[in-house]
Amino acid sequence: MNDVCATNTFKIFNSINKTFMRKTIFSAVLIAFISVAAAQEKLQYHIIKKDAGGKIIPWYNPDPGISYDRMMHLVWNFWDTMRIDLNGIPYYMNHQVWRPGVNDPRGLGGDQFAMALSSWRLYYQYTGNEKVKQNMKFIAEYYLTHSLSDAGAKWPNIPYPYNTFVYSGIYDGDMVIGKHYTQPDKAGSFGIELINMYKLLRNERFPNQSYNAYLDAAVKIANTLASHIQPGDSLNSPMPFKVNAVTGEVGMLKRHDQREKDDQLSGYTTNWSGTMELFLELEKLNAGNVQAYKKGFDHLLQWMKSYPLKNNRWGPFFEDIVGWSDTQVNAITFAQFMMNYPQYFPEWRKEVKQIFDWVYLKLGNDKWKQYGVTLINEQTAYRVPGNSHSSRQASAELQFMALTGDRSRADHAIRQLNWATYMVDVDGKNRYMEDENWLTDGYGDFVRHYLRSMAAMPELAPATQDHLLSTTSVVQHIFYKGQMGKYYYAMSKDTQNIQLQYIVYDEAGTEQLRLLKKPLGVLFDDKKAAEDNREEGYEWKALSKGGILTVRRTKAKNVVILK
């Protein structure tokens, strides 16, 4: 072969080789792209994000505090700006499920308002947003004036959980079995939130204002519940799950289908934590029939210890279930009650862990186990993991950690919270997995679990902001930097040195705050508080960014944090 032929042959070969290489590289890139795309699993609204170990992290930001804070603000804003319904009141006052284009035909969720009041109270102390308090007032006052059974009924002066005529604006029965049927456990949950509303709004300068109506209504609810408590047994709770408020007839559970008989009474539930707390709080306030509340509390306590705490028969919570079901909300809410009132449970550490174990055994969901997380199904009759149920489990386990120092479940609890963030869309829609945008699970029964988690583990709060995370009282007013406007209750003319201020209901109590920096001092009713004092004063625990301030009061309601 001569030199010219050799050169031409080399050029042709080189051209073919380059074309082959380009195609090979393109194919490799395409295959890699397809592989990466296939590996990106979508969870509800977002692509799952992972840490270096392959464990799930929040979709919004790898920092849990930043993400949890963002989720709560998105959810609140969606609730606050939800459209006005056909009857002139907000959509969430009429429906349990949000739909974008057409109204859902169903009415209210059974515990929807009590859940909202519970979350918004904690969210108010976290943000200082006065609109939150106004929303709480509207919900409580509208429900009180549109839901109560007649004074002459067998079960008088307690709220009905459902609007049988959706746009009537009147709550008058039960979703499944109809008009005049109510759920006593939901009345107890609403009653304790009325006590919290009374504490939130009580003002000693104006003793005749409407906040007394909250206390009066709570007393009437407690009177009715206490008067109907029966011995109970393994098949019947001391009060029924559903009852006709007018006649006193116990209701029926929903049938599987029309061929079955209505022979299963709704005589059992274990969701009595709210009622028990209602009795305790009224006893502390010395309001109403205190002796009846003491007796009622003791009876419920002994029944809970004798039956569900031993046999794990936790029973129904949701009004629309089919037949019998054991629910996570009943079990974990009682575990939280035990941790809040350990004086009544000598073996609470062991018993709370047993409840946790039962939940994982019966309702654990390992579909996302590859991401290091086991989720919590709603109930035995509906084995779907919930945003509310998984975050509730997390908050309870973090509370257990805070009380005992046992951190064995802490990292997993955080991953449960991380998973639940994927249920929240960028506009604040919060959708139940494989289901709909429930205004119970996605709002009132969601935000409080993140705030309780931050209270148990302040490191989960955003490090770049100031927040009051927990109190043993009820925060009536709180003013963060930038909120010192017309609502500011100044105790000193030197407002320039104030970082934040809050006013609480009780003179004695404890608060924890996550702050950007150590304060220069703390004032109790305009008097300087002692530093590093475990009896009365404040303590500072430094973190990598900012720290945790613990405030202990014995005779002060007005606290100022100096910057």
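These numbers come from a predicted model, not from an experiment.

**Let's talk about the packing of helix H2 (residues 64-80) against helix H14 (residues 440-456)**
Put simply, H2 and H14 touch, their axes get as near as 10 Å, and they point 150° apart. As summarised for this structure, H2 and H14 are arranged roughly antiparallel, according to the angle between their axes. The chirality of how H2 crosses H14 is left-handed. Here H2 contributes Gly65, Tyr68, Asp69, Met72, Val75, Phe78 and Trp79 to the contact with H14, which in turn contributes Gly442, Tyr443, Phe446, Val447, Tyr450, Leu451 and Met454. In the contact of H2 with H14, the residues fall into eleven nonpolar, two polar and one charged.

**Structural notes on helix H10 (residues 328-340)**
Taking 1.5 Å of rise per residue, the 13 residues of H10 would be expected to cover 18 Å, and the 18 Å separating its terminal C-alpha atoms lies within 8% of that figure. Every buried residue of H10 is listed here: Gln328, Val329, Asn330, Ala331, Ile332, Phe334, Ala335, Gln336, Phe337, Met338 and Met339.

**Notes on the side chain of Gln336**
For Gln336, the position within the fold is in helix H10. Setting aside its immediate chain neighbours within four residues, Gln336 contacts Arg392, Ser395, Ala396, Gln399 and Arg452.

**Points about the sheet that holds strand E10 (residues 364-365)**
As summarised here, the arrangement of the three strands in space is E10-E11-E12, forming an open sheet in which the pairing is antiparallel. Each of the sheet's edge strands pairs with one partner strand only, and the pair in question is E10 and strand E12 (382-385). Strand contacts of helix H11 (residues 348-363): E10, strand E11 (375-379) and E12, with the helix running at about 80° to E11, the strand carrying the most contacts.

**Some points on H2**
Given 3.6 residues per turn, any residue in an α-helix points the same way as the ones three and four places further on. Helix length check: H2 (17 residues) gives 24 Å between terminal C-alpha atoms against 24 Å at 1.5 Å per residue, within 8%. Here H2 has its buried residues at Gly65, Ser67, Tyr68, Asp69, Met71, Met72, Leu74, Val75, Trp76, Phe78 and Trp79. Its buried side turned inward, H2 meets strand E5 (97-98), helix H3 (112-127), helix H4 (130-146), helix H13 (410-421), H14 and strand E14 (467-471). Its side-chain oxygen 2.8 Å from the backbone nitrogen of Gly65, Asp63 forms the N-cap of H2.

**Some details on the confidence of the model for the protein chain**
For the protein chain, per-residue confidence averages 91 on the pLDDT scale, and 88% of positions sit at 70 or higher. Segment residues 18-23: pLDDT under 50, and zero contacts once partners within four positions in sequence are set aside and those in other chains are kept. When the criterion is pLDDT under 50, residues 25-38 qualifies, and its contacts beyond four places in sequence or with other chains add up to zero contacts.

**Remarks on the pairing of strand E16 (residues 498-504)**
Within E16, seven of the seven residues are buried, which leaves it mostly tucked inside the rest of the structure. Direction of pairing for E16 relative to strand E22 (residues 558-562): antiparallel, over a ladder of five bridges. Looking at E22, one finds that Leu500 is bridged to Ile561.

**Some details on the nonpolar core**
Judged by nonpolar contacts, the single largest core of 151 residues is most densely connected at Trp79, Trp120 and Tyr502. No other element matches helix H6 (residues 211-227), which puts ten residues into this core. The residues touching Trp79, leaving out its near neighbours within four places in the chain, are Tyr92, Ala116, Trp120, Asn135, Ile139, Leu439 and Tyr443. Counting five residues, the second largest nonpolar core, distinct from the first, contains Phe317, Phe318, Ile321 and Val329.

**Re the sheet that holds strand E19 (residues 527-528)**
Overall, antiparallel pairing links the five strands, which are arranged E15-E16-E22-E18-E19 in an open sheet. The open sheet has two edge strands with one neighbour each: strand E15 (475-480) and E19. Here five bridges tie E15 to E16, and the two strands are oriented antiparallel to one another. Pairing of Val475 across the sheet is with Val504, part of E16.

**Points about the pattern of salt bridges**
For the coordinates displayed, the defined rule picks out 25 salt bridges. Here Glu436 and Arg106 are joined by a salt bridge, their closest N and O atoms 2.8 Å apart. A residue pair is termed long-range when its members are at least 10 positions apart, and Glu436 in the loop between H13 and strand E13 (437-438) and Arg106 in the loop between E5 and H3 qualify at 330 residues. One salt bridge in this structure joins Asp427 and Lys429, with 2.9 Å as the shortest N-O distance. Three or more residues are tied together by salt bridges with common partners; here these are Arg99, Asp104, Arg106 and Glu436.

**Considerations on the pairing of strand E17 (residues 509-515)**
Two faces belong to every sheet, and in a regular strand the side chains alternate between them. Most of E17 is tucked away: five of the seven residues are buried. In this sheet, E17 lies alongside E14 in antiparallel orientation, the contact comprising four bridges. Its bridge partner being in E17, His467 is matched across the sheet by Arg514.

**A word on the environment of Ile84**
Tracing the backbone shows Ile84 in the loop between H2 and E5. Residue Ile84 is classed as exposed on the basis of its relative accessible area of 55%. Once you skip the residues sitting within four places of it in the chain, Ile84 turns out to touch Ile89 and Pro90.

**Topic: the packing of aromatic side chains**
Tallied over the full model, the rule gives 34 aromatic pairs. An aromatic cluster is built from Trp76, Phe78, Trp79, Tyr92, Trp98, Trp120, Tyr123 and Tyr443, whose rings are joined through pairwise contacts. The ring of Phe345 is capped by Lys305, whose NZ or CZ atom sits 5.3 Å from the centre of that ring. Over the face of the ring belonging to Tyr505 we find Lys557, whose NZ or CZ atom lies 5.8 Å from the ring centre.

**Quick look at unusual backbone geometry**
The phi dihedral of Asn286 falls on the positive side, at around 55°, and the residue is not glycine. Even without glycine at this site, Asp526 takes up a positive phi of about 75°. Structurally, Asp526 is set in the loop between strand E18 (521-524) and E19.

**Looking at the packing of H2 against H3**
Relative orientation of the contacting elements H2 and H3 amounts to 120°, with a least axis distance of 12 Å. The angle between H2 and H3 falls in the class oblique. Classified by chirality, the crossing of H3 by H2 is left-handed. Across the interface between the two elements, Asp69, Met72, His73, Trp76 and Trp79 from H2 touch Ala116, Trp120, Tyr123, Tyr126 and Thr127 from H3.

Criteria and thresholds
Residues numbered from 1 in each chain as written. Predicted model: local features only at pLDDT ≥ 70, side-chain atom pairs only at ≥ 80, totals over all residues. Heavy atoms only, no water. Axes fitted to C-alpha atoms, helices over the stretch in contact; angles between N-to-C directions. Helix = DSSP H or I, 4+ residues; strand = E, 2+ residues; numbered from the N terminus. Parallel < 35°, antiparallel > 145°, perpendicular 65-115°, else oblique. Left-handed = near helix turned anticlockwise from the far one by under 90°. Contact = heavy atoms within 4.5 Å. Nonpolar A, V, L, I, M, F, W, Y, C, P; charged D, E, K, R; others polar. Expected span 1.5 Å × (residues − 1). Buried < 20%, exposed > 50% of the residue type's maximum accessible area, 1.4 Å probe, protein only. Pairing = 2+ DSSP bridges. Polar contact = N/O pair within 3.5 Å; in protein donor to acceptor, adjacent residues only side chain to side chain. pLDDT = per-residue confidence, 0-100. Core = buried A, V, L, I, M, F, W, Y, C linked by side-chain atoms within 4.5 Å. Salt bridge = Lys/Arg side-chain N within 4 Å of Asp/Glu carboxyl O. Phe/Tyr/Trp six-rings, centres within 6.5 Å; stacked < 30°, edge-to-face > 60°. Lys NZ or Arg CZ within 6 Å of the ring centre and 35° of its normal.

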